[in-house]
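Reading the structure
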Amino acid sequence: MPISHVPFRYAHNEGHTDICFSEDGQKYVTCGSDGDIRIWSQDLYEDPVHNCVGEWALAVRQKGSKLYIATSNNDVQIITFPDGDREGVLDRFVAPINNIAISKSGELIALAAEQMEVKLIQFEGEQKKISSIEGTAPYLSVAICPTAKLIAASSGDGKLRIWNVSDKNLVKEINCFPKVNSFSNATVLCRIDFNPTNGCQLSYPDGSSVVVLNTSDWSEVCTLSCDDVTKPFSIVQYSPCGKYLAASSVDGDFVIWDVAEEIVHNVSKHPNGTRVSAFAWNPSGLNQIVYTDVEGQLGVMSDCISEKQSAEKSGAEEAENNDVDFGDYQFEDDDEDNENAVSLEKLKKQYADDDEPELRSVASRSPTPRPRTPEIPLQPAFMPSSTPTHLDPRYLCWNEVGIVRGYGSILDEDESTSKSIEVDFHDSTFHSSMMMQNFQNYMMGSLSTSALVVANSTQINVIPLASRTKEWTLTMDDNEEIVAVAASEQLVCIALANYIIRVCSPFGTQRAVFSVPGPIVCVSAFREDILVAYHSGPVRNGDQNICFKHIRLDAMSFQGQDLGGTLGPQSTLLWMGFSDSGTPGVLDSCGLLHMHPLHCNTWIPFCNVNKHKKGLSDAFFVTAILESNQTLCGIKCRGTMYPAVTPRPTMCEVPLEAPFAEMTTEKGQMESSMFTWSALEIPNTEKKLKETALKTFALACKTNLDQRAQEVMEILANPGIINLAIKYASKLDKKRLVERLTDLVARLADQESETATVNDNEVPETIKPVKRLTLNMKNTSRNQITNGSEEVVSKNQETHNSLLSDSMSSSINDSMNSSIVLNSQESMVLAEAPRNPFLKSLKKTKPVDQNPLSLLDSKAGVSFSTEKLNGRKEEAAEKRKQPESETENQKAKQRKLDRFMFGKRQ
């Protein structure tokens, strides 16, 4: 009888998943990359019991009333079975645990660790003894003999090692596995197993075959293989009776052998051909195997051993037939010619033949059964720049003001456990460190320059940082639950589970209350601005339908603006907040940081933190956005999602730059820089923007892309930069380009003159493009959407004398790398369009610099300066420059010069 597969059930997220059966065979337990453990029942329609143990879990085993789970916190947690409640921690380690093995008696636990050693934990009464066996590579799998005398482990250096448990001496070493440097990179898991009856055999995968060893003399009993399977086997496991051996390959093939007869008993394959990460036999002998794959799916195979069942079934049928004695009655096989005979076949042919075609057509149209689609839940509410509540210790908040740490797990109901909250400020001169006892189990926190806010699900406690100010609390109603809090210099925000947000001042005055149309995910505050993230609908195709709302308070009134959504495909929200300039920003699980400049009124990506990670399991923990410095501040976490509390992690900065294409080229970098400086509020970028624009123009000219060069100047639309570009193009003898740029400056001058007649207020020139539609959020008055008028530039400015140095004509590298000196006159706009220097009528000799000691120039040594005396009008005063000669030699030369000039006049 072939093996039957039950339709898949969604168990965990994509990644490594482990599974084990309970001792009675009634339940099975899974753990996976989402950090959850789930306890399943044999009833397919019963929901599993689940609990979160960390960011991910690699291994799970059950013994008695306890579950042992290897979690992302580099520890082995103990959870009660079957309730799924936390009971404690078996032990902590410095690296993840890849596999767990427990002896039959439960007195010995072996752990295969990533830190290149096998941990042995022996229980002697209420005490436990921990020992280790060192190795040279990460250990992938471990197995214990039923008699607890031998232990075997497979390692990443490709070797299988067997030790004595008593003295830890190496008994046998076999080189049989592919080499790998980490469990996360292993395709072949190298899972081994002892015979569960007496431990007389040890089986391990060796390529596309399975080797069985005799543990008494370590001789090879047999080598099992299957002609239908050519890929390497990854996992082997004996049946509870020890007679059969099952193995799975990297392609999802299942093979079951009869070890004594060395024959293939049954063969099956994963319905999707996906690699199996773990499987387990049912210990109650129901011929059942449960398995999980790398996509997080849970499958069940039944009728794995069909020989016994078929024999029992045939014996039962024979016994049933022998119970009825029909005597001498003989049955006739052919009743076609007998009219008095009642034949079932004749009735079928007579009455059912006409309906059979219709029944067949209906059966052909019936849909095939489809596996149940896993339901993706809505993302729960969280606090930005904080770590999960199950961690101890944990960060309640980490921002540009300081750090709020929590000690003592809030999930621990033991009143004798000490719980406290510690606050450290980055600037110790602003405020000293604080520490408070956490008697109320505060699990949320926010910190600003005005107040410290901590809260639980029903109460908020605010400690103003001003001197001689008492703290205050605010208790919610019975039907209200606090899900998030936020603090700024002027506001304290409280987000509730009923979609309502309450707003108070740092000293306790309730200022406003409003609601959002969906479950709240996160809330952040900056001065008098509030940013709220909420679910605007259910999950669609794996995408979280999260939208954002921007609220601006003005006294006792406020105005709001919907910012829409910006999360990537099938991603979740990881961080949300404001920059130091008040620009909203969000980070999704795809690693993209999006910012919403208020004058742009759209979300713009400015950073991809995944490009700054070294490993796939690394993460970037965001703490603040420093828009003025054009950086994103945070912590690079190696191998985990959240930073450790001790030792204190080191802060790092990631540059903010728009992800343009071809960022490895100089052209892409310059274009990205110009866009970033124009979109964000970054100070002192005018000079850098001029230099970058001229370098982009020069690069286009040198590559003979005149249309691109002209396009760059048209986009910038800055007469000052265009005049510099004209000078540079004239040195390269690009006459046609000079004419086009000259016409462009003339058009800009006409537009400015028309604007000047409408608006008499002169605005200094800026290099940034004109912003047609701006959201006036900087004004402390109410938020308005206004049409920004075009900038008016002064007409009566002096023309500049020199533009680019002569080095720009030599080579493009010299021109792009040289320092472009721009004086105050170069930044002004010409009142009239510049003349075409290629016209013959306008070609004149360039003025020669005046020599202050020239004897032929009557104006030598004379300069004009303006002075203001007592608020009167400016008057031109002509002065004679006198040389400041200090030595006698210089004074003698001056006297000779004066005598010469006096004699010439006479």
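Above this text you will find the structure in question.
In this text the structure is predicted, and so the values were computed from the model without any measurement.

1. Things to note about helix α4 (residues 666-679)
Think of an α-helix as turning once every 3.6 residues; residues three or four places apart then point the same way. Compared with the 20 Å implied by 1.5 Å per residue over 14 residues, the 20 Å span of α4 between its first and last C-alpha is a close match. Taken together, the buried positions of α4 are occupied by Gly668, Met670, Ser672, Met674, Thr676, Trp677, Ser678 and Ala679.

2. A word on the sheet that holds strand β28 (residues 297-302)
Reading across from one edge, β1-β28-β27-β26 is the order of the 4 strands in this open sheet, with antiparallel pairing throughout. Every other strand in the sheet has two partners, leaving β1 (4-10) and β26 (276-281) as the edge strands with one partner each. Each neighbouring strand pair of the sheet contributes to a mean axis angle of 20 degrees, computed without reference to strand direction. Two elements, β1 and β28, share 5 bridges in a ladder whose sense is antiparallel. Its bridge partner being in β28, Ser4 is matched across the sheet by Ser302.

3. Some thoughts on empty space enclosed by the protein
The rolling of a water-molecule-sized probe over the atoms marks out the regions of remaining empty space. Applying the stated rule across the entire model yields 2 cavities of 30 Å³ or more. In this model, the largest cavity occupies a volume close to 70 Å³. Lining the largest cavity are 13 residues; nearest its centre among them are Arg394, Leu396, Gly406, Gly408 and Ile410. Looking at the lining of the largest cavity, the elements with two or more residues in it are β29 (394-398) and β30 (402-407). Considered class by class, the residues forming the lining of the largest cavity number 6 nonpolar, 5 polar and 2 charged.

4. Re unusual backbone geometry
Here the amide bond leading from Phe81 into Pro82 is cis, since omega sits at 10 degrees, within 30 degrees of zero. Following the sequence through the fold, Pro82 ends up in the loop between β8 (75-80) and β9 (86-92). Put simply, Thr646 and Pro647 share a cis peptide bond, and its omega is -5 degrees. Along the polypeptide, Pro647 turns up in the loop between β50 (631-637) and β51 (652-655). A positive phi angle, close to 55 degrees, is found at Asp303, a residue other than glycine. Within the secondary structure, Asp303 sits in the loop between β28 and α1 (307-322). Residue classification places Asp303 among the partly exposed positions, given a relative accessible area of 22%. The phi dihedral of Asn704 is positive, around 60 degrees, even though this residue is not glycine. With respect to the helices and strands, Asn704 occurs in the loop between α5 (686-702) and α6 (706-716).

5. Focus on the pattern of salt bridges
When the charged atoms of two side chains with opposite charge come close together, those side chains can pair. As enumerated under the stated definition, the model contains 21 salt bridges in all. Here Glu23 makes a salt bridge to Lys63, at a shortest N to O gap of 3.2 Å. Here the residue Glu23 occupies a position in the loop between β2 (18-21) and β3 (27-31), and Lys63 occupies one in strand β6 (residues 57-63), the gap between them amounting to 40 residues. Since its relative accessible area comes to 44%, Glu23 is described here as partly exposed.

6. Some thoughts on the packing of aromatic side chains
By the definition in use, this model includes 15 aromatic pairs. A centroid spacing of 5.6 Å and a plane angle of 45 degrees characterise the contact between Phe660 and Phe675, whose relative ring orientation is tilted. Residue Phe660 is located in the loop between β51 and α4, and its partner Phe675 is located in helix α4; the two are separated by 15 residues in the primary sequence. On the basis of relative accessible area, Phe660 is assigned to the partly exposed category, the value being 30%. You can call Phe675 partly exposed: its relative accessible area is 32%. Pairing Phe697 with Tyr728 gives two aromatic rings, centres 6.5 Å apart and planes at 70 degrees, and the pair type is edge-to-face. Of this pair, Phe697 sits in helix α5 while Tyr728 sits in helix α7 (residues 719-731); the two residues are 31 residues apart in sequence, bridging distant segments of the chain. Across this residue pair, the class does not change: Phe697 and Tyr728 are buried. Taken together, the ring pairs in this structure connect Phe8, Phe254, Phe279 and Tyr291 into an aromatic cluster.

7. Side note on the sheet that holds strand β4 (residues 36-41)
Across the sheet, 4 strands lie side by side as β2-β3-β4-β5; this open sheet has antiparallel pairing. Two strands close off the open sheet at either side, each with one partner strand: β2 and β5 (49-52). This sheet shows a mean twist of 15 degrees between the axes of neighbouring strands, independent of strand direction. As paired strands, β4 and β5 are joined by 4 bridges and run antiparallel to one another. By the bridge assignment for β5, Ile39 is matched with Val49.

8. Let's talk about the packing of α5 against α7
As a packed pair, α5 and α7 sit with axes 10 Å apart at the nearest point and diverge in direction by 35 degrees. In this structure, the crossing between α5 and α7 has a hand that is right-handed. The residues of α7 that touch α5, namely those facing Lys690, Ala693, Leu694, Phe697, Ala698, Cys701 and Lys702, are Ile721, Leu724, Ala725, Tyr728 and Ala729. Its residues assigned to classes, the contact of α5 with α7 shows 10 nonpolar, no polar and 2 charged.

Each value, and the rule that gives it
Residues numbered from 1 in each chain as written. Predicted model: local features only at pLDDT ≥ 70, side-chain atom pairs only at ≥ 80, totals over all residues. Heavy atoms only, no water. Helix = DSSP H or I, 4+ residues; strand = E, 2+ residues; numbered from the N terminus. Expected span 1.5 Å × (residues − 1). Buried < 20%, exposed > 50% of the residue type's maximum accessible area, 1.4 Å probe, protein only. Pairing = 2+ DSSP bridges. Axes fitted to C-alpha atoms, helices over the stretch in contact; angles between N-to-C directions. 1 Å grid on protein atoms, 1.4 Å probe; cavity = no way out; pocket = protein on both sides within 12 Å on 5 of 7 lines; lining within 4 Å. Points joined across faces, edges and corners; volume = space filled by probe spheres on them. Nonpolar A, V, L, I, M, F, W, Y, C, P; charged D, E, K, R; others polar. Salt bridge = Lys/Arg side-chain N within 4 Å of Asp/Glu carboxyl O. Phe/Tyr/Trp six-rings, centres within 6.5 Å; stacked < 30°, edge-to-face > 60°. Left-handed = near helix turned anticlockwise from the far one by under 90°. Contact = heavy atoms within 4.5 Å.

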